Amino acid sequence: MSLKKQMILYFSCLMIIIFTLMEVINAYQSYKLLEENITSSITESLNLGLNNLDYYFQDAENLCSSIMADESVQGILNEEIGKDLDGRILMRELNRVITQYASTRPHITRVYLLDQDYQVIDPELNGEDVERFTDIIENGELLNISALHQVGYITGNAKVFSLVKVIYPYSDRERRVGTIVADIDYRILSEIFGDYSLPMNGSAVLFDQDGNTVLEKDAGGITWEPDKEEYSAVWESGSNEEVTINGREYITLNYVSDITGWKISALISRSEFVWAVFVQLRTGISSMAYRKFRLSWRRACVN
């Protein structure tokens, strides 16, 4: 091979190296851009899912506010509801008002009231465990929502979330006259997250405001109340951080509701994410380098 051809070949190799370095830089930029696009898309999906859930909770909160503001309810709560005829009349009127407001909400299984001593006013619900509500206090702008639990008036394994609001009289915002409880069917979560899907076999974990794991949704479906300890690192993580679960590394993307304090986290396998991007970039770089080499070699042979 002549010196001229050798110089052309060396120059071609140098150009290939330069072009390859440029492609590596472009590949890194493409990686970051792809990561940003995927992150934005997943975060938007998380936002949509949690906003849909917020709608149901806000609707229940608005329902409770309407019942609380009703003059009949305010008047009844200032009366002593006994077990005599007068008490039964008051209870019948109270149930009529509640039914009037709640009958159009199929996702609300029951609305009932507690007196000042946190005792259920409705005799039909005397067996209900309401001790959990005594620890729920006003917490700023967040709605007061209990953990997922079973109720005695529903047979089977069905569970509810209870939205709880303190009732005050019109004239005295410091004196509590009762508490209103709206039980929300947990199956609304199946409607919201049933068709949820994330790229690269990702999964979504939903937490309540106290960090309890409500559900996990992956390609296999919904798992109710997964192990809280297993996902404690996810609850504590910020968005776009890495966590390790059962020996595997994941990227977490989070969205927190300003209304309920609930949090939904997307878990994307770090290895699958990197590999998917790498495959796309490797194909592009290899194709570009091959074309550059063939073009340079042809020129060297012609000369």
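Note: the structure precedes this text.
Note that the structure is predicted; figures quoted are calculated from it, not measured.

Visitor: What exactly am I supposed to notice about the packing of aromatic side chains here?
Guide: Two aromatic rings, taken as a pair, are described by how far apart their centres are and by the angle between their planes. Applying the stated criterion to the full structure yields six aromatic pairs. Taking the centre distance of 5.2 Å and the plane angle of 70° together, the rings of Phe161 and Trp262 count as edge-to-face. Of this pair, Phe161 sits in strand S3 (residues 159-167) while Trp262 sits in the loop between strand S9 (248-256) and strand S10 (263-269), placing them 101 residues apart in sequence. In this pair, the class of Phe161 matches that of Trp262, namely buried. Centre to centre, the rings of Phe207 and Trp235 are 5.4 Å apart; their planes meet at 50°, and the pair counts as tilted. With Phe207 in strand S5 (residues 203-207) and Trp235 in helix H5 (residues 232-236), the pair connects residues that are 28 residues apart, well separated along the chain. Grouping aromatic residues by their ring pairs yields a cluster made of Phe57, Phe161 and Trp262.

Visitor: Help me understand the nonpolar core in this model?
Guide: The nonpolar side chains of a soluble globular protein tend to be buried with one another. Counting 53 residues, the largest nonpolar core has Leu53, Val111, Leu113, Phe161, Leu189, Leu206 and Trp262 as the members making the most contacts within it. Sorting elements by how many residues they give to this core places helix H1 (residues 3-69) first, with 12 residues. Residue contacts for Leu206: discarding those within four places in its chain leaves Leu50, Leu53, Leu189, Phe193, Asn212, Thr213, Val214, Leu215, Trp262, Lys263 and Ile264.

Visitor: Could you clarify how one ought to interpret the pairing of S10 in this entry?
Guide: Looking down a regular strand, the side chains alternate between one sheet face and the other. Judged by how many residues are buried, S10 sits mostly within the fold: seven of seven residues are covered. Of the two faces of S10, the one carrying Lys263, Ser265, Leu267 and Ser269 and the one carrying Ile264, Ala266 and Ile268 are both buried. By the bridge criterion, seven bridges tie S9 to S10 in an arrangement that is antiparallel. Following the sheet pairing, Asn254 is matched in S10 by Ser265. Hairpin geometry of S9 and S10 is characterised by an intervening segment of six residues between the two adjacent antiparallel strands and by a positive phi of about 80° at Gly261.

Visitor: Would you mind going over the pattern of salt bridges with me for this structure?
Guide: Where charged atoms from two side chains of opposite charge approach closely, those side chains can pair. According to the stated counting rule, one finds six salt bridges in the structure shown. Asp185 serves as the salt-bridge partner of Arg187, at 2.7 Å between the closest nitrogen and oxygen. Residue Arg187 is classed as partly exposed on the basis of its relative accessible area, which comes to 48%.

Visitor: Got a minute to help me understand a nonpolar patch on the surface in this structure?
Guide: Together, Phe11, Leu14, Ile18 and Met22 line one region of the surface with nonpolar side chains, adding up to about 380 Å² of accessible area. Relative to the assigned elements, Met22 resides in helix H1. For Met22, a relative accessible area of 43% corresponds to the partly exposed category.

Criteria and cut-off values
Residues numbered from 1 in each chain as written. Predicted model: local features only at pLDDT ≥ 70, side-chain atom pairs only at ≥ 80, totals over all residues. Heavy atoms only, no water. Phe/Tyr/Trp six-rings, centres within 6.5 Å; stacked < 30°, edge-to-face > 60°. Helix = DSSP H or I, 4+ residues; strand = E, 2+ residues; numbered from the N terminus. Buried < 20%, exposed > 50% of the residue type's maximum accessible area, 1.4 Å probe, protein only. Core = buried A, V, L, I, M, F, W, Y, C linked by side-chain atoms within 4.5 Å. Contact = heavy atoms within 4.5 Å. Pairing = 2+ DSSP bridges. Salt bridge = Lys/Arg side-chain N within 4 Å of Asp/Glu carboxyl O. Patch = residues over 30% accessible without salt bridge, like charges linked within 9 Å, V, L, I, M, F, W, Y side chains within 5 Å. Areas by Shrake-Rupley, 256 points an atom, 1.4 Å probe, with all protein chains shown as cover.

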